[in-house]
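Each chain is listed here by its residues.
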Amino acid sequence: MHKEGYFGQYGGIFIPEILYPAFQNLIEEYHKIKEDESFWNEFLHILQNFSGRPTPLTYASKLTEHFGKAKIYIKREDLNHSGAHKINNVIGQGLLTKRMGKTRVIAETGAGQHGVATAIMAAKMGLKATIYMGAVDVERQYPNVFWMKQLGAEVVAVESGQATLKDAINEAMRDWVSSFEDTHYALGTACGAYPFPEMVTYFQSVIGKEVKQQILTAEGRLPSRIYACVGGGSNAMGVFHEFLPSTEVELVGVEAGGKGEESGQHAARIAFKQAKVGVAQGYKTLFLQDHEGQMQETHSIAAGLDYVGVSPILADLHEQNRVRFEAALDHEVIEAVKLIIKQEGIIPAFESSHAFARAFAEIPNTSKDDIVVINLSGRGDKDIFNIAEGLQDDEWKTFIARRHQQYQAR
Amino acid sequence: MTNGRLLSQEDISNIKLADLIESKKSTKRIQIMTHQILGYPDFETNYEMIKLFAKYGVDYVELQIPFSEPIADGPVFLKANQDALKNGVTVEQCFAFAEKVAAEFNIPFLFMTYYNILYAQGVEAFVKRSKEIGIKGLIVPDAYPEGSAEYFEACQKHGVDAIVLTTPYTTPERMEYLNSLASGFVYCVARKGVTGSKTKFDDATTEYIANCRASLDVPIGVGFGIQEREDIDYLAGKSDIAIVGSELLKVLERDGLAGVERLLAELTEEK
Ligand SMILES: Cc1ncc(COP(=O)(O)O)c(C=O)c1O
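Residues numbered from 1 in each chain as written. Chains lettered and ligands numbered in written order. Predicted model: local features only at pLDDT ≥ 70, side-chain atom pairs only at ≥ 80, totals over all residues. Heavy atoms only, no water.

Peer 1: Explain the overall build of chain A to me, and be specific about the residues and the numbers.
Peer 2: From N to C terminus, chain A includes 16 helices and 14 strands. Compactness check: chain A gives a C-alpha radius of gyration of 20 Å against a globular reference of 22 Å for 410 residues, within 12% of the reference. On the principal axes, the C-alpha backbone points of chain A span a range of 60 × 55 × 50 Å. Counting over 410 residues, chain A shows a buried share of 64%. For chain A, restricting intrachain contacts to residue pairs at least 6 apart in sequence, the fraction spanning at least 24 positions comes to 74%. Accessible surface, chain A: about 15000 Å² in total, of which carbon and sulfur atoms supply 50%. The average position of the 41 basic charges and that of the 51 acidic charges among the side chains of chain A differ by 4 Å. (Helix = DSSP H or I, 4+ residues; strand = E, 2+ residues; numbered from the N terminus. Rg over C-alpha atoms; globule rule 2.2 N^0.38 Å. Buried < 20%, exposed > 50% of the residue type's maximum accessible area, 1.4 Å probe, protein only. Contact = heavy atoms within 4.5 Å. Areas by Shrake-Rupley, 256 points an atom, 1.4 Å probe, with all protein chains shown as cover. Lys, Arg positive; Asp, Glu negative; His and termini not counted. Charge placed at Lys NZ, Arg CZ, Asp CG, Glu CD.)

Okay, structure coming up:
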């Protein structure tokens, strides 16, 4: 394999020997599907007929007017079936699972969006599914847990470690080392051992391909800037990939700044310059870790961004100065959510709202000639409990109390 | 008790692992390697455990440096890794402890840990320090051979054995490749899965071990799921070393040091 699978100094394969056959098989199949045009067509066909692709690129007229500077466009990944971009990757990996003759999929999930997408795909494609989710995230995103179970997936709440996304990944790996003969691990983001970062990017690149066509149709030119939130990095790589050669397009990845740079409660690996190169979870990248190599605690208001590592592809693109990294703080994100809802009639996920929060902070420095595209990776319905809490909405609280009483009375 | 005790009177500090294993073969039907997670439940207990290992003629001891993301470990070791870290165990403390026991006990010690623990200090620096404190070999399950040239080169340069692993799924071509990297001994993982649950030794396992033996130029150790005397008897004559891991920790947690002593007596008794 040699340097295949590396992006600059990042990436690679660091897995227990037992997974050798699983990765050999996966790498082989991935190469095959990349050569096979009919695979991409089948992939697109399902996305078009099942998930509503292409998703619109909405001109945000009121937000544009509100700031009075660059024209703002929103890529509507929230309109995917399942409510987030995660379904793009999952349909691709579902087809791959079938090709490999496997009958079961496992997945990790943070916000639960990848878990729901996987459960949907498994139901549709007739596969068994087990979803690993940190116990903390189960509490934060219970509506998604409910749906995963309704869809027939087994949901395992992971209590170990910090009980968030990285622990769910570890637990999925532990399942996979016993089950790889009939099970595919459908990793949900552009991280992990090769070929996952590249393969997930490949499936998600459908986002940027559409944006390019749509913006050329609408404006006759490429955008000045594209913003995307970065958890593991799949929606960001998805929207960025097509534009990598177009260096006039500035690419901005927005991480979870949590409670701030000095708080120790964030997941801004690159923007806060606190991560160091390390090897964990099967790959080499920038991890938030202590000086002895133990992973540190992370925090974000958005479960899907609350992760210690980052896509090795993005780590490299940052090093090459191709992608700029910024962070948005929890409270800035809540303000952004309010503004998007009021101005555009769109309910955004907390994850995606990080991209908006940063874009809103920078738009005053743009000109009217600029075009800004913001990737709305998912919708906010799943966050109803958290958004209501963030907004300190009293009517919602009374409603929950009323419901609680009804359940108790029964 | 065991003949190994006689041998252990010799100073082992300048003997290579592979030579030591070979030399013991004539007198022991099977050699035993045990395991400790450093700092769990605490270093004092680690020390008492090692004293028992010495008393019962255990041949080699793996000292696992805790890591926050131990992907190859099952529930028992996972919890131990995390509890140790929660109690504030540091890599520095592990080195200090290892240095002490390596000087005090005439048992070859190996470090087991994950790649990031090496990477954080610098892979070569970690290997060099390990050598300096008397560590004989390293077991790093996520040092996937194709991507870990730096690790293998550092081990070779400093005379520490990088223990490679095989599995029942290792193809003949890969076996040849792993053989080219092997030094000390090869850790033959008995089954798929993580550490901790029992392995059923059947004809397929017998064939796998025989295949490892035939394909590899260094001694072999078989591990994962070895829990009782019966397993050791099964491995005698097939493998040079039987590796006992989680079971010792489970027994320690259930029955304390007295329980561990009973298990060690049973596992090492010459019949
Ligand atoms: C809506 C949404 N956006 C973004 C993310 C972050 O993941 P990634 O960085 O892979 O796009 C998640 C993850 O759960 C998500 O649900």
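Peer 1: For the pattern of salt bridges, give the residues involved together with the corresponding values.
Peer 2: Residues and elements named next belong to chain A. Counted according to the given criterion, the structure contains 50 salt bridges over all chains. Where Glu219 meets Lys71, a salt bridge forms, and the shortest distance between an N and an O atom there is 2.7 Å. Here Glu219 is found in helix H10 (residues 206-219), whereas its partner Lys71 is found in strand E4 (residues 71-76), with 148 residues between them in sequence. On the accessibility criterion, Lys71 (29% relative accessible area) is partly exposed. A salt bridge links Glu362 to Arg324; the shortest N-O distance between them is 2.7 Å. In this pair, Glu362 sits in helix H14 (residues 350-362) while Arg324 sits in strand E13 (residues 323-329), placing the two residues 38 residues apart along the sequence. With a relative accessible area of 7%, Glu362 lands in the buried category. What emerges from the salt-bridge pattern is a single network uniting Arg225, Glu250, Arg324, Glu326, Arg358 and Glu362. (Salt bridge = Lys/Arg side-chain N within 4 Å of Asp/Glu carboxyl O.)

Peer 1: Would you mind going over the packing of helix H1 (residues 20-35) of chain A against helix H9 (residues 196-204) of chain A in detail, with residue names and values included?
Peer 2: Residue and element names in this part refer to chain A. It is at 11 Å that the axes of H1 and H9 come closest, and there the two elements cross at 30°. Read as a crossing pair, H1 and H9 show a hand that is left-handed. Contacts between H1 and H9 pair Phe23, Leu26, Tyr30, Ile33 and Lys34 from the former with Phe196, Glu198, Met199, Tyr202 and Phe203 from the latter. (Axes fitted to C-alpha atoms, helices over the stretch in contact; angles between N-to-C directions. Left-handed = near helix turned anticlockwise from the far one by under 90°.)

Peer 1: Can you explain the site of the ligand? Please cite residues and give values.
Peer 2: All names here are of chain A. Residues in contact with the ligand amount to 18 residues; listed here are only the nearest, Thr189, Gly231, Gly233, Ser234 and Ser377. One nitrogen or oxygen atom from the side chain of His85 is found 3.0 Å from an oxygen atom belonging to the ligand. Contact with the protein chains covers 98% of the free accessible surface of the ligand, which is 390 Å². With respect to the pocket detection grid, the ligand is positioned in the second largest cavity. Residue composition of the shell around the ligand, by class: five nonpolar, eleven polar and two charged. Taken domain by domain, the shell around the ligand gets at least three of its residues from each of domain 1 (6-48 + 85-200) and domain 2 (54-83 + 205-390). (Near = heavy atom within 4 Å. Polar contact = N/O pair within 3.5 Å; in protein donor to acceptor, adjacent residues only side chain to side chain. 1 Å grid on protein atoms, 1.4 Å probe; cavity = no way out; pocket = protein on both sides within 12 Å on 5 of 7 lines; lining within 4 Å. Sits in = over half its atoms within 2 Å of the grid points. Nonpolar A, V, L, I, M, F, W, Y, C, P; charged D, E, K, R; others polar. Domains from an automatic or database assignment.)

Peer 1: Explain the sheet that holds E13 of chain A to me, and be specific about the residues and the numbers.
Peer 2: All names here are of chain A. Taken together, the six strands give an open sheet; going across it, the order is E3-E4-E14-E9-E10-E13, and neighbouring strands pair in mixed fashion. Because the sheet does not close on itself, it has two edges, and the strands there are strand E3 (57-59) and E13. Within the sheet, the average angular offset between the axes of one strand and its neighbour, ignoring direction, is 25°. One ladder, built from six bridges, connects E4 with strand E14 (residues 371-376); its direction is parallel. (Pairing = 2+ DSSP bridges.)

Peer 1: Explain the domain arrangement of chain A residue by residue, including any values.
Peer 2: All names here are of chain A. If you check the domain split of chain A, you get domain 1 (6-48 + 85-200) and domain 2 (54-83 + 205-390). Put simply, the middle of domain 1 and the middle of domain 2, counted by C-alpha atoms, are 22 Å apart. Counting residues at the interface gives 42 residues for domain 1, matched by 47 residues for domain 2. For the pair domain 1 and domain 2, the interface holds one salt bridge. Between Asp306 and Arg140 there is a salt bridge, with the nearest N and O atoms lying 2.8 Å from each other.

Peer 1: Report on the nonpolar core, specifying residues and quantitative values.
Peer 2: Residues Leu19 of chain A together with Phe109, Phe111, Leu138 and Tyr151 of chain B are the most contacted members of the largest nonpolar core, which totals 209 residues. At eight residues, the largest contribution of residues to this core is made by helix H12 (residues 246-268) of chain B. For this core, the two domains that each supply at least three residues are domain 1 (6-48 + 85-200) and domain 2 (54-83 + 205-390) of chain A. With near-sequence residues (within four places) excluded, Leu138 of chain B lies in contact with Leu110, Phe111, Leu118, Phe126, Val127, Ser130, Tyr151, Cys155, Val160, Asp161, Ala162 and Ile163 of chain B. One finds Ala60, Cys229, Ala328 and Phe350 of chain A within the second-largest nonpolar core, a separate group that totals 33 residues. (Core = buried A, V, L, I, M, F, W, Y, C linked by side-chain atoms within 4.5 Å.)

Peer 1: An account of the interface of chain B and chain A is requested, with residue identities and associated values reported.
Peer 2: Residue-level contacts link 36 residues of chain B with 33 residues of chain A. Of the roughly 3100 Å² buried between chain B and chain A, counting both surfaces, carbon and sulfur atoms make up 57%. Looking only at chain B, the three residues that lose the most surface to chain A are Glu69, Ile71 and Tyr144 of chain B, adding up to 24% of its buried area. Between chain B and chain A we count 18 residue pairs in polar contact (both at pLDDT 80 or more) in total. Where the side of chain B that touches chain A is concerned, the elements lending two or more residues are helix H4 (75-86), helix H5 (91-104), helix H6 (115-121), strand E6 (165-166) and helix H9 (172-181) of chain B. (Buried area = accessible area lost by both parts, 1.4 Å probe.)

Peer 1: Before we move on, can you summarise the confidence of the model for chain A with the specific residues and values?
Peer 2: Mean pLDDT for chain A: 96, with 100% of residues reaching 70 or above. Element-level mean pLDDT values for chain A span from 86 in helix H15 (residues 384-390) of chain A up to 99 in strand E9 (residues 225-229) of chain A. (pLDDT = per-residue confidence, 0-100.)

Peer 1: Got a sec to walk through unusual backbone geometry? Specific residues and values, please.
Peer 2: Residues apart from glycine generally show negative phi values, whereas peptide bonds are mostly found in trans. Residue and element names in this part refer to chain A. The residue after Arg53, namely Pro54, is reached through a cis peptide bond having omega -5°. Note that Pro54 resides in the loop between helix H2 (37-50) and E3. Omega for the bond connecting Tyr194 with Pro195 falls within 30 degrees of zero, at 10°, which places this linkage in the cis form. Positionally, Pro195 belongs in the loop between strand E8 (183-185) and H9.

Peer 1: Report on empty space enclosed by the protein, specifying residues and quantitative values.
Peer 2: Which parts of space are left empty comes out when a probe the size of a water molecule is rolled across the atoms. The full count for this structure, using the stated rule, is six cavities of 30 Å³ or more. Space inside the largest cavity adds up to approximately 350 Å³. Lining the largest cavity we find 30 residues, and of these Ala72, Asp73, Tyr187, Thr195 and Phe224 of chain B sit closest to its centre. Secondary structure elements with two or more residues in the lining of the largest cavity: strand E2 (60-64), strand E7 (186-189) and H12 of chain B. The residue inventory of the lining of the largest cavity, partitioned by class, reads 15 nonpolar, ten polar and five charged. By volume, the second largest cavity amounts to about 280 Å³. Surrounding the second largest cavity, 27 residues form its lining, His85, Lys86, Ala111, Gly304 and Glu351 of chain A being those nearest its centre. Secondary structure elements with two or more residues in the lining of the second largest cavity: strand E5 (104-109), helix H5 (113-125), helix H11 (234-240) and H14 of chain A. A breakdown of the residues in the lining of the second largest cavity according to their chemical character gives six nonpolar, 17 polar and four charged. The two domains that each donate at least three residues to the lining of the second largest cavity are domain 1 (6-48 + 85-200) and domain 2 (54-83 + 205-390) of chain A. (Points joined across faces, edges and corners; volume = space filled by probe spheres on them.)

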